[in-house]
Amino acid sequence: MNLGQLYQEGLIFANFNQDATCLSVGTSDGFKVCNTQPNFSEVYSQEMAGVGICEMLFASSFVAIVGSGDDPSLSPRKLQILNTKTQTSICELNFITPILAVKMNRKRLIVVLETKIHIYDISTMKILHTIDTVPNPKGICALAVSEENCYLAYPNSIEKGSIVIFDALTLQMFNVINAHKTPVSRLTINEAGTLMATCSAKGTVIRVYSLPDASRCYQFRRGSYFANLYCLAFSFDSSLLCVSSDTGTVHIFKIDQSSSVSTTAQRSSMSSYISDMWEGIPARSFALLKLPNPIENVCAINKTNTMVMIGES
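Please read these numbers as outputs of a predicted model, since none were measured by experiment. Numbering of residues starts from 1 in each chain and follows the order in which that chain's sequence is written. With pLDDT at 70 or above as the cut-off, local features in this predicted model cover only qualifying residues; side-chain atom pairs require 80 or more to be listed or tallied, and sums for whole chains, interfaces and linings still use all residues. Hydrogens are left out, water is left out, and the side-chain values use all remaining heavy atoms of the structure.

1. Focus on the packing of aromatic side chains
Aromatic ring pairs: the centre-centre distance and the angle between the two ring planes describe each pair. Two rings from Phe, Tyr or Trp (for Trp, the six-membered ring) form a pair when their centres are within 6.5 Å of each other. A pair whose planes differ by under 30 degrees is stacked, one over 60 is edge-to-face, and the rest are tilted. Counted under the stated rule, the structure contains four aromatic pairs. With a centroid separation of 5.8 Å and an interplanar angle of 35 degrees, the aromatic rings of F31 and Y44 are classed as tilted. Here F31 is found in strand β3 (residues 30–35), whereas its partner Y44 is found in strand β4 (residues 41–47), with 13 residues between them in sequence. Aromatic rings pair up to connect Y218, F220 and F253 into one cluster. Taking the ring centre of F58 as reference, the NZ or CZ of R106 above it sits at 3.7 Å. When the ring centre of F236 is taken as origin, the NZ or CZ atom of K303, which lies over that ring, is 4.8 Å away. Helix numbers and strand numbers start at the N terminus; a helix is a DSSP run of H or I with at least 4 residues, a strand a run of E with at least 2. Sitting over a ring, as applied to charges here, requires NZ of Lys or CZ of Arg to be within 6 Å of the ring centre and within 35 degrees of the ring normal.

Spelled out as structure tokens, the structure:
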């Protein structure tokens, strides 16, 4: 989550790590790493020029940073992999255009540019594959944490909500999902790599698809009015889905059979015209949080499903 509009306040970037045990923050004068459990506390900080992206590999000392562009030493076109324990640089990767997002799991490092996605073997930092994409100026992309179901999802259209599902292990595209009628604004994949949640630019309906078969299994309504979604996040056991937006609300949805959408059975009994228009009845959230300051944020749910964590300035 890039928080560029908050730059004047010092905060540029904030995101949770893969299991939400840490929060990494990029600021105008470096970056910080904080533990979220058992108590929120700062565990590492490093002063440098502005950091526009700061991503962790779980709770390890492996951190990927990208400059915000305010200093030549930290270019937005250069990715630096740091070891915070030894305070050394592991490697640097340079690109022709600015880096918009960085995703990691224990097998792969993903670097998202506006029209390309580069896939690296994270153990050797060797480039394995480059994907040419449609223009993706927001760097929308999701990578599964799972080492077995190592799926990568990214937009396939600038006009509609079409999404490519790519296997980052075999380096093969295996599905395209037409998720929404308008462009995709947010994507996330659950910890096991078996579910993907999506939302369009409207921000009203969230859809959940099973992976790898790409069938739609859940549909949730955030609200009736358009909204800019800031974050989609599954709980660790995939029983909950957390959604935050610029309305200052955080919705929590339950993922269970009562909200499942049986598209195959219902569509088979309708005419082709009705089938194309059928949308199911979206389920509403069972819990709602109202934030005192509706600013850009990231959200996560802890492993015991007892706490919703929201990172903001």
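Still to come is the rest of the account.
2. Side note on the state of the cysteines
Counting rule for disulfides: a pair of cysteine sulfur atoms within 2.5 Å. Inspection of every chain in the model, using the stated rule, returns zero disulfides. No disulfide involves C22; its sulfur sits 8.7 Å from the nearest other cysteine sulfur, which is in C34.

3. Observations concerning the sheet that holds strand β8 (residues 88–94)
Here, strands pair whenever DSSP counts at least two bridges between them. Spatially, the four strands line up as an open sheet ordered β5-β6-β7-β8, and their pairing is antiparallel. Two strands close off the open sheet at either side, each with one partner strand: β5 (51–56) and β8. The mean inter-strand angle of the sheet, taken between neighbouring strand axes irrespective of direction, is 20 degrees. Fitted lines through C-alpha atoms give the axes, limited to the stretch in contact for helices. The angle between two N-to-C directions lies from 0 to 180 degrees.

4. A few points about the pairing of strand β21 (residues 229–234)
Buried means the residue's accessible area, taken with a 1.4 Å probe over protein chains only, is under 20% of the maximum for its type, while exposed means over 50%, and partly exposed covers the values in between. Taking burial as the measure, the six residues of β21 include six buried ones, the bulk of the element. Across five bridges, the pairing between β21 and strand β22 (residues 240–245) is antiparallel. Bridging across to β22, L232 finds its partner in V243. Taken together, β21 and the strand that follows it, β22, pair antiparallel across an intervening segment of five residues, in which S238 is found at a positive phi of about 65 degrees.

5. Things to note about the environment of N175
Within the element layout of this structure, N175 appears in strand β16 (residues 172–180). On the basis of relative accessible area, N175 is assigned to the partly exposed category, the value being 22%. In the structure, N175 is positioned 11 residues away from V164 in sequence and 6.1 Å away in space, judged by C-alpha atoms. The residues contacting N175, other than those within four sequence positions of it, are I163, V164, I165, P212, D213 and A214. Between N or O atoms, a polar contact is any pair within 3.5 Å; within protein, one atom must be a potential hydrogen donor and the other a potential acceptor, and residues adjacent in sequence are included only when both atoms are from side chains. A distance of 3.2 Å separates the side chain of N175 from the backbone oxygen of P212, its partner in a polar contact. What makes two residues a contact is simply this: any of their non-hydrogen atoms within 4.5 Å.

6. A look at the nonpolar core
For our purposes a nonpolar core is just a set of buried Ala, Val, Leu, Ile, Met, Phe, Trp, Tyr and Cys residues, chained together by side-chain atoms within 4.5 Å. In terms of nonpolar packing, the biggest core is built from 34 residues, with F31, L79, I99, V102 and L109 touching the most fellow members. Sorting the residues of this core by element identifies β3, β5, β6 (62–67), β7 (78–83), β8, β9 (101–104) and β10 (108–112) as the ones contributing at least two each. Considering each element in turn, this core owes the most residues, five residues, to β6. Setting aside chain neighbours within four positions, we find V102 in contact with I53, E55, A64, V66, L79, L109 and I110.

7. Side note on unusual backbone geometry
In this structure, P38 follows Q37 across a cis peptide bond, with omega equal to -5 degrees. Looking at the element boundaries, P38 is found in the loop between β3 and β4. Phi is positive for L171, close to 60 degrees, though the residue is something other than glycine. L171 gets classed as partly exposed once you look at its relative accessible area, which sits at 21%. The phi angle at A214 is positive, at roughly 65 degrees, despite the residue not being glycine. Position of A214 among the secondary structure elements: in the loop between β19 (205–210) and β20 (216–221).

8. Topic: the pairing of β3
Direction of pairing for strand β2 (residues 22–27) relative to β3: antiparallel, over a ladder of six bridges. By the bridge assignment, S24 is partnered in β3 with V33. Remark: two residues form the turn of the hairpin made by β2 and β3, two consecutive strands paired antiparallel. Sheet analysis places β3 next to β4, joined by six bridges and oriented antiparallel. Within β4, the residue paired with K32 across the bridge is S45. Connecting β3 to the next strand, β4, in antiparallel fashion are five residues.

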